[in-house]
Amino acid sequence: MTVVADLPATGSDEQPRSGSRAWKKLRANKSAFVGFLLVVFFVSIAVLAPVLPIADPTATDWGAIRKGPSLAHWLGTDELGRDILSRMIWGAQASLLAGVVSVLIAVSIGVPFGLISGYFGGWIDQIISRATDALLATPFLILAIALAAFLGPSLTNAMIAIGLSAMPIFIRLTRGQVLAVKTEDYVEGAHAIGLSTPVLLARYILPNVFAPILVQATLTIATAIIAEASLSFLGLGQQPPAPSWGSMLNVAKNFMTQAPWMAMWPGIAIFLVVLGFNLLGDGLRDALDPRET
């Protein structure tokens, strides 16, 4: 006699309906929608930087050194006469690229290890969990600085360092979610009909642990942006003359009394983009939570 398990159908109309419901809940959450608009704004200016009618971010003007905001330079100029507005817009590329790529690195490594650890258990789980605990025992930013210093100063190495530093968070989160999901009836049904382990993980476990991973990824982008600014501030991230908000703050600290706008604008930009991702992440958590009505 053949036993046929009643498994949840993938690709059904339930997923579009749940996605539409989550989007409606996200729009109804005013703070989350503000965060969404902030993220869209910064992403838009970063993507459109090459086509916007702005000055060359590396062009110097020795006759306009540390000039305040004016019609010629809306946000003022820096210590070399470079247009701060242009450097802010191009610096958004470095910050957002670092945030997104770092999280992609962390997710692409951390989620598979978390799946393996939570699903198989035993000695595999012990090895992965102890290694994760060791990495989590080191503060995130300290670990990122150490890795960036070891790899060498550059934006690429900074992204790798931040991604590896954030990886343990996703291992721990994914492992916990898998431990809860793998005991569900539909997973037992998949076992009963003889599905292979890779298929079971890809079709029935990963989709059901994806929501908390997405929320954590959104929140971690904000942390990664701060980390990239910190590394650039220390000279371990984006290298001059390429613009970066962190390196702009590093230079601006020497001119706080003569040209306070040099520090004000990159500081405000970091605050707003981090606020946007945090608000969006909190909104996604509420929107994707099935317990929330």
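Residues numbered from 1 in each chain as written. Predicted model: local features only at pLDDT ≥ 70, side-chain atom pairs only at ≥ 80, totals over all residues. Heavy atoms only, no water.

## As for the overall build of the protein chain
Step number 1: For the protein chain, the count of helices and strands is ten helices and zero strands.
Step number 2: When the helices and strands of the protein chain are read in sequence order from the N terminus, they spell out α-α-α-α-α-α-α-α-α-α.
Step number 3: When the backbone C-alpha atoms are referred to their principal axes, the protein chain occupies close to 90 × 40 × 30 Å.
Step number 4: For the protein chain, the proportion of contacts with a sequence separation of at least 24, taken over those separated by at least 6, is 72%.
Step number 5: Averaged over its 18 positive side-chain charges, the protein chain has a centre that lies 3 Å from the centre of its 18 negative ones. (Helix = DSSP H or I, 4+ residues; strand = E, 2+ residues; numbered from the N terminus. Contact = heavy atoms within 4.5 Å. Lys, Arg positive; Asp, Glu negative; His and termini not counted. Charge placed at Lys NZ, Arg CZ, Asp CG, Glu CD.)

## What to know about the pattern of salt bridges
Step number 1: Tallying each qualifying case throughout the model produces seven salt bridges.
Step number 2: Between Arg82 and Asp78 there is a salt bridge; the shortest N-O distance is 2.8 Å.
Step number 3: A salt bridge links Arg82 to Glu79; the nearest nitrogen and oxygen atoms lie 3.3 Å apart.
Step number 4: On the basis of relative accessible area, Glu79 is assigned to the buried category, the value being 18%.
Step number 5: One network of salt bridges, with partners in common, ties together Asp78, Glu79, Arg82 and Arg87. (Salt bridge = Lys/Arg side-chain N within 4 Å of Asp/Glu carboxyl O. Buried < 20%, exposed > 50% of the residue type's maximum accessible area, 1.4 Å probe, protein only.)

## Comments concerning the confidence of the model for the protein chain
Step number 1: Here the protein chain averages 88 in pLDDT, and 92% of its residues register 70 or above.
Step number 2: The secondary structure element of the protein chain with the lowest average pLDDT is helix 1 (residues 14–28), at 68, and the one with the highest is helix 6 (residues 155–181), at 95.
Step number 3: Considering only residues more than four positions removed or in separate chains, one finds that residues 1–14, a stretch of pLDDT under 50, has 13 contacts. (pLDDT = per-residue confidence, 0-100.)

## Overview of the packing of helix 8 (residues 197–233) against helix 10 (residues 261–287)
Step number 1: For the pair helix 8 and helix 10, interaxial distance at closest approach is 7 Å and the crossing angle is 165 degrees. In terms of orientation, helix 8 lies roughly antiparallel with respect to helix 10. As for the relative orientation of helix 8 and helix 10, their crossing is left-handed in sense. On helix 10, the residues touching Val215, Thr218, Leu219, Ile221, Ala222, Ile225, Ile226 and Ala229 of helix 8 are Ile270, Val273, Val274, Phe277, Asn278, Leu280, Gly281, Asp282, Leu284 and Arg285.
Step number 2: Considered class by class, the residues forming the contact of helix 8 with helix 10 number 13 nonpolar, three polar and two charged. (Axes fitted to C-alpha atoms, helices over the stretch in contact; angles between N-to-C directions. Parallel < 35°, antiparallel > 145°, perpendicular 65-115°, else oblique. Left-handed = near helix turned anticlockwise from the far one by under 90°. Nonpolar A, V, L, I, M, F, W, Y, C, P; charged D, E, K, R; others polar.)

## A few points about unusual backbone geometry
Step number 1: Omega for the bond connecting Pro240 with Pro241 falls within 30 degrees of zero, at 5 degrees, which places this linkage in the cis form.
Step number 2: Residue placement: Pro241 occurs in the loop between helix 8 and helix 9 (245–252).
Step number 3: Phi angles above zero are rare outside glycine, and Arg66 is one such case at about 50 degrees.
Step number 4: For Arg66, the location among the structural elements is in the loop between helix 2 (30–48) and helix 3 (84–120).

## Comments concerning the nonpolar core
Generally speaking, nonpolar side chains in soluble globular proteins are found buried as a group.
Step number 1: With 53 residues, the main nonpolar core has Ile205, Trp245, Val273 and Phe277 as its most contacted residues.
Step number 2: Contributions of two or more residues to this core are made by helix 1, helix 2, helix 3, helix 6, helix 7 (185–192), helix 8, helix 9 and helix 10.
Step number 3: The leading source of residues in this core is helix 8, at 13 residues.
Step number 4: For Val273, the contacting residues outside a window of four places in its chain are Phe42, Leu96, Ile225 and Trp245.
Step number 5: By size, the runner-up hydrophobic cluster in this structure holds nine residues, among which are Ala148, Ala158, Ala224 and Leu231. (Core = buried A, V, L, I, M, F, W, Y, C linked by side-chain atoms within 4.5 Å.)

## Focus on the packing of aromatic side chains
Step number 1: Under the criterion given, the structure shown has four aromatic pairs.
Step number 2: Consider the rings of Phe41 and Phe42, whose centres lie 5.3 Å apart with planes at 75 degrees: the pair is edge-to-face.
Step number 3: Ring geometry for Tyr119 versus Phe120: centroids 5.2 Å apart, planes at 90 degrees, classification edge-to-face.
Step number 4: A relative accessible area of 12% means that Tyr119 is categorised as buried. (Phe/Tyr/Trp six-rings, centres within 6.5 Å; stacked < 30°, edge-to-face > 60°.)

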